Amino acid sequence: MGNKLVLIDGNSIAYRAFFALPLLNNDKGVYTNAVYGFTTMLLKILEEESPDHMLVAFDAGKTTFRHKTYEEYKGGRQKTPPELSEQFPLLQELLDSFGIRHYQLPQYEADDIIGTLAREAENRGDEVTVISGDKDLLQLVSGNVTVRLTKKGITNVETYTPGFLKEKMEIDPEQVIHLKALMGDSSDNIPGVPGVGEKTAVKLLKQFGTLENLYDNLGEVSGKKLKEKLETNKNEAYMSKKLVTIELEAPLEIALTDTAYTGYEPSAVRKQFQDLGFESLINRIGSDEEESKAEMISVEVEKEKPLTEDILLDETALIVEILEDNYHTSPVEAIVLSNEKGVFAFSPEQLMESDTFKTWAADSSRHKWVFDAKRTLVAFKRYGIPVEGITFDVLLASYLVNPAVNNHDIPAISHRLGETGIPTDEEVYGKGAKRKRPEDDVLYEHAGRKALMLYRLKSNLEEQLKQNKQEELFHNLEMPLALILGEMEYTGVRVDVDRLKEMGEELERRLEEIKKRIYEHAGEEFNINSPKQLGPVLFEKLGLPPLKKTKTGYSTAADVLEQLSSQHEIIDEILLYRQLGKLQSTYIEGLLKVVHKETGKVHTRFNQALTQTGRLSSADPNLQNIPIRLEEGRKIRQAFIPSRQGWVMFASDYSQIELRVLAHMSGDEKLIQSFKEGEDVHTKTASEVFGVAPEEVDSDMRRKAKAVNFGIVYGISDYGLSQSLGVSRKDAQIYIDAYFKSYPKVKEYMEDTVRQAREEGYVETLMNRRRYLPDMNSRNFNRRNAAERTAMNTPIQGTAADIIKKAMIDMAARLKEEELEATMLMQVHDELILEVPEQEVEKVTEAVREVMEGTVELTVPLEVDHSYGKTWFDAK
DNA sequence: TTGTGCACGC
DNA sequence: GACGTACGTGCACAAC
């Protein structure tokens, strides 16, 4: 029985990976993109091929035996970028950790090593797979040798067998060198016959078979010009053939037996991945059940013994295990404590009844370390147990340290810090529909392991917060905020279900009518909600001009359809259908689905550890995107009502907070002045940009200025502005230039921010929230540009987020202090929504203004507007 | 189950 | 000259 040998062209794959991936560097500032790409390819190969022999061949150096034939061989080639060169040693170390043999031979290229071994193995009857990005290797294809060439990217490969080669290139493997001899190869500086490309070469080979036969019968070549070219470049052709022919008898110092591959040691590879910063790949290693069990950190869990005072220490990790994301509805499965005394697991039934536990939980001097403070708090609240003294949340700490990490759970953080023996929730519980509660033992052990790690992780994260100067941000902003958000979520918002249903029925009727009219216009019935079906109806059947395409077909986005509005009546009907359909599916049906049956309330979850800028997000339901701009949709807000009779919905929002933050951070006198004088900032901008007196600013000028301000805040580009204004890019650029001329310090600030981001690798907000921008030095124009805009935007958006978060904390304190019953319900980025007893409205009005305006002192005043009414709709 | 297109908010 | 305004969530559809 033959062996299975995989031969990899190391240089070729590393090059591919390098150019296919952005110039990533790891936390040590070492470039790793080529190694990373190579590794993903390698893992795929190991999985797909399960080789028992393996070798990665590298080119040895600048000169090879081929240079004796032709000095200019590979001449004119770009020097290997140093960012890539420095990765080769890393790559070889990585291969060592995999236990994969790598080899290079002076004067020879990787091709020759591969060719020699492939031939030898083939002769023995082994099965060989060659991996490369270089078509020259195709000459090795045979019955036993398959060549897999990378296509786009690195993991995307095309597998060449003799049959496939014939189909694809119309030649046999033996003809590959003849083909190259004729057509040459500019990347290797191989001349071939000038003027002969792939097409002609294939045609000639079909007729003559080989280069030699071609020249023996040159007279039969059709075309005078071609014949001449072949004639005059005969030497070049033969030399080219010699150059591209892979040496099949290179004097290797290794034998096939040296390439034996028996699999890798997961621990060694894992360590290597950690050093390289390949967090995302770690989980792909050693998923083998046996192996990962053996590596799991062991935990002695004491199960369901009666809780006694002696195990409740002042510093204890507390894990509340809930399987589903939604902790408002999903049951608590287990509670685990971990501290110096050990790891102790309890069923909720047992613990929630224990007075010993309740006393400990309510004691703020007894510190609890948790994962997801808000989740923990709400979970206990559901059992009527107040918890005090939560002083450390691993989730929030990890998020602050680096929001770009999209997985902050305990196994993931543990992995990043080098502890790998923690399986993920998904591994233990399954995911999606298959997620289920395991046996008690498994559950307790898993939760116990997490509790143990939580206890251990705290000090490391604390240290990282300290390094980032984020202790204040963590302890005095995010931690207290978590408690407040927990209260808000648990309180929930009352929904007028009947009102929603009424609106739903009305919508249903209207949608039905519109649908009919659309079908009439179209002359057929189709699914209006399917862009794939709508496209052909509009742009083929009705002959409307397709103004924009998506990667799957015609674009039917609103901005496209609006431009076609005058050309066919169907367009406005479709836009209306979309608008109402959105209201129906997302805001009527979607909202009704998440209303609690008993309480008639919705309990959103604010995600406090997700956005890259520091804003909150909201889900199930998302209360931060309830319609407001169009009257039709705004009515949805009529269904959000106070939870008690005689109360009102009260909304309070910051006016222009982001531009005020910009004024403060840039120190631009004119912008500061503008806010100090209480001017209309868009009118003022218009007056500046268009060079007219404020009185002479018309509505169109103001509209444009508003868009400019918007763009400034979001990290402007001329294209973006031109899109939103419907003007040319050139004009958009003129507005931007005019803006920067009027507000020179803003321009300076933007430039400084970008420069600093490039140097430091990150940007920061007023309160030291941090965002890393690895693309600042990308060679890819788009990525770099996007990173630069992000650098400009994040400090502004993020500082605004810092400010409202602080205001929420102050607000909670103020309400308590004044013993008001008013309650915060929602936060929508620059807005707080409360429910307030009517008789408290006056006091709350004053409190909200004082607190929100006074929460931080900037060089410009902060201003808030407020409103209230019987429903959220009426608070306008 | 996953990716795409679309639409809602700030 | 490239691409494209920032940041989110959720729905329906269609391909896997």
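Residues numbered from 1 in each chain as written. Chains lettered and ligands numbered in written order. Predicted model: local features only at pLDDT ≥ 70, side-chain atom pairs only at ≥ 80, totals over all residues. Heavy atoms only, no water.

Our next topic: helix H8 (residues 176–183). Along H8, seven of the eight residues are buried, which leaves the element largely enclosed by surrounding structure. Of the surrounding secondary structure, the elements contacted by the buried residues of H8 are helix H7 (162–169), helix H9 (198–208), helix H10 (211–216), helix H11 (224–232) and helix H12 (234–244). Among the residues trailing H8, Gly184 stands out with phi positive, at a value near 70 degrees. (Buried < 20%, exposed > 50% of the residue type's maximum accessible area, 1.4 Å probe, protein only. Helix = DSSP H or I, 4+ residues; strand = E, 2+ residues; numbered from the N terminus. Contact = heavy atoms within 4.5 Å.)

Quick look at the protein's contact with DNA strand B now. The environment of DNA strand B is formed by 26 residues, the closest being Thr556, Arg578, Asn625, Ile628 and Arg629. Counted by atom, the contact set of DNA strand B within 4 Å of the protein is 91% sugar and phosphate. Between DNA strand B and Ala433, the relevant distance is 3.1 Å, taken from a phosphate oxygen to a main-chain nitrogen or oxygen of the residue. Between DNA strand B and Ala557, the relevant distance is 3.4 Å, taken from a phosphate oxygen to a main-chain nitrogen or oxygen of the residue. The greatest single-element share of the surface near DNA strand B, amounting to four residues, is contributed by helix H27 (residues 569–594). Partitioned by chemical class, the residues of the surface near DNA strand B number 10 nonpolar, nine polar and seven charged. (Near = heavy atom within 4 Å. Polar contact = N/O pair within 3.5 Å; in protein donor to acceptor, adjacent residues only side chain to side chain. Nonpolar A, V, L, I, M, F, W, Y, C, P; charged D, E, K, R; others polar.)

Moving on, we get to the packing of aromatic side chains. Tallied over the entire structure, the rule returns 15 aromatic pairs. With 4.9 Å between their ring centres and 45 degrees between their planes, Phe392 and Phe474 make a pair best called tilted. With Phe392 in strand S12 (residues 390–393) and Phe474 in helix H23 (residues 471–491), this residue pair connects regions lying 82 residues apart in the sequence. The two residues Phe392 and Phe474 agree in class, both being buried. Where Tyr762 meets Tyr772, the ring centres are 5.5 Å apart and the plane angle is 65 degrees; that geometry is what we call edge-to-face. In this pair, Tyr762 is assigned in strand S21 (residues 762–764) and Tyr772 in strand S22 (residues 770–772), connecting sequence segments 10 residues apart. (Phe/Tyr/Trp six-rings, centres within 6.5 Å; stacked < 30°, edge-to-face > 60°.)

Within the structure, DNA strand C sits among 32 residues, and Asn527, Lys532, Asn622, Phe710 and Arg729 are positioned closest to it. At the protein interface, 54% of the atoms of DNA strand C within 4 Å belong to sugar or phosphate. The separation between a phosphate oxygen of DNA strand C and a polar main-chain atom of Asp620 is 2.8 Å. The side chain of Asn625 places a nitrogen or oxygen atom 3.3 Å from a base nitrogen of DNA strand C. Listing elements by their share of the surface near DNA strand C, those giving two or more residues are helix H25 (531–541), H27, strand S18 (617–619), helix H32 (699–713) and helix H36 (781–817). When residues in the surface near DNA strand C are grouped by element, the largest group, five residues, is from H36. Residue composition of the surface near DNA strand C, grouped by class: six nonpolar, 19 polar and seven charged.

So, about the pairing of strand S1 (residues 4–9). Counting buried residues in S1 gives six out of six residues, a clear majority hidden from the surface. By the bridge criterion, five bridges tie S1 to strand S4 (residues 127–132) in an arrangement that is parallel. Its bridge partner being in S4, Val6 is matched across the sheet by Thr129. (Pairing = 2+ DSSP bridges.)

Below, the discussion takes up the pattern of salt bridges. Opposite charge on two side chains permits pairing when their charged atoms draw close. Tallied over the full model, the rule gives 49 salt bridges. The closest approach of N and O atoms between Asp810 and Lys806, which form a salt bridge, is 3.3 Å. Of this pair, Asp810 and Lys806 both sit in helix H36, separated by four residues, roughly a single helical turn. Residue classification places Asp810 among the partly exposed residues on the basis of a relative accessible area of 24%. Lys806 sits in the partly exposed class, given a relative accessible area of 27%. (Salt bridge = Lys/Arg side-chain N within 4 Å of Asp/Glu carboxyl O.)

Often the size quoted for an interface is simply the accessible area lost on bringing the parts together. Assigned domains within chain A: domain 1 (4–170 + 246–259), domain 2 (290–468), domain 3 (494–602 + 611–641) and domain 4 (658–799). Look at where the C-alpha atoms of domain 2 and domain 3 centre, and you get two points 41 Å apart. Across the boundary between the two partners, domain 2 contributes six residues, which contact six residues of domain 3. Its largest share of buried area at the contact with domain 3, domain 2 owes to Asn326, Tyr399 and Pro403, together 72% of the area lost on that side. At the boundary of domain 2 and domain 3, one finds zero salt bridges. Broken down by class, the residue content of the side of domain 2 that touches domain 3 amounts to three nonpolar, three polar and no charged. (Domains from an automatic or database assignment. Buried area = accessible area lost by both parts, 1.4 Å probe.)

Looking now at the sheet that holds strand S5 (residues 145–150). The strands making up a sheet are joined through hydrogen bonds of the backbone, oriented either antiparallel or parallel. If you walk across this open sheet you meet the six strands as S3-S2-S1-S4-S5-S6, and the pairing is mixed. Only two strands of the sheet have a single neighbouring strand rather than two, namely strand S3 (101–103) and strand S6 (157–160). Direction aside, the axes of adjacent strands within the sheet are offset by 20 degrees on average. Bridge count for S4 against S5 is five bridges, and the pairing is parallel. The partner of Ser132 across the bridge, within S5, is Leu149. (Axes fitted to C-alpha atoms, helices over the stretch in contact; angles between N-to-C directions.)

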